[in-house]
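A closer look at the structure
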Amino acid sequence: MRRIISILLENEAGALSRVAGLFSARGYNIESLTVAPTEDPSLSRMTLVTRGSNEILEQITKQLNKLIEVVKLIDLTEGPHIERELLLIKVHAVGDSRNEIKRLADIFRGRIVDVTASTYVIELTGTGEKLDAFIEALSGIRIIETVRSGVSGVSRGEKSLRL
Amino acid sequence: MELTGAEIVVECLKEEGVEYLFGYPGGAVLHIYDALYKQDHIKHILVRHEQAATHAADGYARSTEKPGVVLVTSGPGATNAITGIATAYMDSIPMVIITGQVPTHAIGSDAFQEVDAVGITRPCVKHNFLVKDVKDLASTIKKAFFIATSGRPGPVVVDVPKDVTAAKTVFEYPKQISLRSYSPVERGHIGQIRRAVKLMLSAKRPMLYTGGGVILGNSAPELTELTRKLGYPITNTLMGLGGYPATDKQFLGMLGMHGTYEANMAMHHCDVLIAIGARFDDRVTGNVKKFCPGAQIVHVDIDPASISKSVRVDVPIVGSVKSVLQDMIRLLDETGEKPDATALAEWWKQIEEWRATDCLKYDRASEIIKPQMVVEKFYELSEGQAFLTSDVGQHQMWAAQFYKFDKPRRWINSGGLGTMGFGLPAAMGVQFAHPDALVGCVTGEGSIQMCIQELSTCLQYRLPIKIINLNNRYLGMVRQWQEFFYQSRYSMSYMEALPDFVKLAEAYGHVGMRIEKPSDVEPAIKEALRLKDRLVFMDFITDQKENVYPMIPAGAGLNEMILV
Ligand SMILES: Cc1ncc(C[n+]2csc(CCOP(=O)(O)OP(=O)(O)O)c2C)c(N)n1
């Protein structure tokens, strides 16, 4: 099962490598991982997407909680939540395909943020699935670079991850 | 008044009540050694290899209720300490290891004797720190001791760059420390404990299975009280020996791969399993799919991550073993209910039948010295009062099987990591902690050579350890597996070119004895015990082909033991 785990982490050197090290040492899988400081400079917020059986996911959250720098964590996928990822994709855009790409970007509510005679850079946000679908839709087009930020997320409503 | 970082390190250790510091000097820690030179509160013990410093501190910690403390230099000092840190980590031993580091400005430049100590120790510590500013030094050391000794204990590394030990600041040791991200639970959930007690009382075939958590949590008295109250059979893991008196009739011996027939059979057939401070290690469970097939399981552990890690349990209780046991005892008294006496009598009858197999029997009339007999004799002659360390291999299992530990913290061995070379330095730590006690070290000719240099340390500090070398000229445990599972192809398990251990002991200034006949075993041990203030190296020439029984082969269940 796919899970999105959100973590409040002490904003200290080495905290990230401790989390990454835990995953590699115990053979857990990381699909994506993002981390950045929060409004409280002493805290970073990490979003981690992983997959595994329920038993493994239980171990993952327990082991993460054991890390001294992990202040708090939640499994966003346990409740209603918003999941977003940013895609920057550079594609070969010449001739008829220029219109075609523009149209696709509009359908997916993407924006073309850089244009040259032969390339476009498109910016798109959404769930991982939506980004996958967009890349899929570009099938006839030559992709030069794909850059994905990894998933960020937040729970809906009153529920929150804070101290 | 301003102190240097080096002086602050020493002051912090004093504040923590550190008695012994096990270490080895080098460039990065010279300021600290200079500060140590100028005081006489903390006794620094100079080992001969940093691995031994960590094992000695570990032995000290295991035999007391205090953390072990280590000081080593950067680079090779830190890497040599790794084995000992990992050993302590696997067995949850509280330890603080201070490693020197190159100056902060040189970090990352591949400076002389630079190693990323925080990175290299990360997977085998409870936590670690790099101190970059002398102002953080005291509070970091405070945190290190707090983390190492609280919750599920473990080793904590504090890496201190050389310039930080030279820099000055006002020294202030925090009285208390609180970490917003770390607050180990103490009390177990009372509702869960109530459920557990109810389940325990409903059992027809109950079994208590307890581990190192009982020892680390200083809860042997509570465990004994509970077990006696219930009248249930109990087994201890390798790490848990001494948590319940081994000479008591409710004790079924150790369980697991080389556990007793009665303990493993009772595990397999029980209907309620009460696991306390034990972690369902693979050496205990055998094949998890076949583990305790008919049992409902209660599991008490201070570490939530230990619960349902390999075996799913029915009543998980997170809390310190001591407080949970106290709650259990109280609830039992309050309910006034008693276990089902008829069922229990029936269960004991079955257990006594298993016990009658006498699974630890061996040839007592042998013309060659049987290793089991040596341990048994040492047990008798030391009246069960010794602290016993061991290395890793067959001798370790025989020590665990044949020395009956009635008290906690007497049996000191590397259970989790299985570190050969642990025994002798660990015995040093134990002897420092208990200068007047009898400290034995059961070892093999393979293991003892992994830290043999410590015989020199033992001379320097006059440590009268009694070394019991069960010399079978084989890496016996390896040989046993090769005999059983590789059609006796003894690949690299024969120990050739062994030293003359008697001369070796003498060369280090100790007493050496070689014992070759069964009839000489008792007189030799008596003589060794008489030499109260000398280290005696007893080299017992034992049966080369003796195997450890019973044995559960890999992939088998606890009821599928190979018996003698
Ligand atoms: C540092 C280390 N290396 C290798 C092993 C693997 N190993 C486990 S038991 C054993 C044999 C130990 O031989 P010895 O000390 O002579 O004891 P015996 O089994 O003969 O009693 C070995 C090599 C280990 N446990 N530790």
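The structure we're discussing is the one just above.
Described in the following lines is the structure provided in the data block. Model, not experiment: these values are computed from the prediction.

**Brief notes about the overall build of chain A**
A tally of helices and strands in chain A yields four helices and nine strands. Going from N to C terminus, chain A has its helices and strands arranged as β-α-β-β-α-β-β-α-β-β-α-β-β. Its C-alpha atoms give chain A principal-axis dimensions of about 55 × 35 × 30 Å. Here chain A holds 163 residues, and 42% of them are scored as buried. Taking as baseline every contact in chain A between residues at least 6 positions apart, the subset at least 24 positions apart corresponds to 74%. As displayed, chain A has an accessible area near 8,500 Å², and 51% of this comes from carbon and sulfur atoms. Each charge class in chain A was averaged separately, 22 positive and 22 negative side chains, and the resulting centres sit 1 Å apart.

**A word on the sheet that holds strand 2 (residues 32-37) of chain A**
Residue and element names in this part refer to chain A. In space, the four strands of this open sheet follow the order 2-3-1-4, with antiparallel pairing throughout. Since the sheet does not close on itself, it has two edges, and those belong to strand 2 and strand 4 (70-75), each with one partner. On average, adjacent strands in this sheet sit at an angle of 15° to one another, irrespective of strand direction. Here strand 1 (residues 2-10) runs beside strand 3 (residues 43-51); their pairing, made up of nine bridges, is antiparallel. Within the sheet, the bridge partner assigned to Ile5 lies in strand 3 and is Leu48.

**Description of the sheet that holds strand 4 (residues 68-72) of chain B**
Residue and element names in this part refer to chain B. The six strands lie next to each other as 3-2-4-5-7-6, forming an open sheet whose pairing is parallel. Since the sheet does not close on itself, it has two edges, and those belong to strand 3 (43-46) and strand 6 (127-130), each with one partner. Across the sheet, the axes of successive neighbouring strands diverge by a mean angle of 20°, strand direction being ignored. One ladder, built from seven bridges, connects strand 5 (residues 95-101) with strand 7 (residues 155-161); its direction is parallel. Bridged to Ile98 within strand 7 is Val158.

What counts, and where the lines are drawn
- Residues numbered from 1 in each chain as written.
- Chains lettered and ligands numbered in written order.
- Predicted model: local features only at pLDDT ≥ 70, side-chain atom pairs only at ≥ 80, totals over all residues.
- Heavy atoms only, no water.
- Helix = DSSP H or I, 4+ residues; strand = E, 2+ residues; numbered from the N terminus.
- Buried < 20%, exposed > 50% of the residue type's maximum accessible area, 1.4 Å probe, protein only.
- Contact = heavy atoms within 4.5 Å.
- Areas by Shrake-Rupley, 256 points an atom, 1.4 Å probe, with all protein chains shown as cover.
- Lys, Arg positive; Asp, Glu negative; His and termini not counted.
- Charge placed at Lys NZ, Arg CZ, Asp CG, Glu CD.
- Pairing = 2+ DSSP bridges.
- Axes fitted to C-alpha atoms, helices over the stretch in contact; angles between N-to-C directions.

Everything listed here is a matter of coordinates, which is why it stays silent on function.
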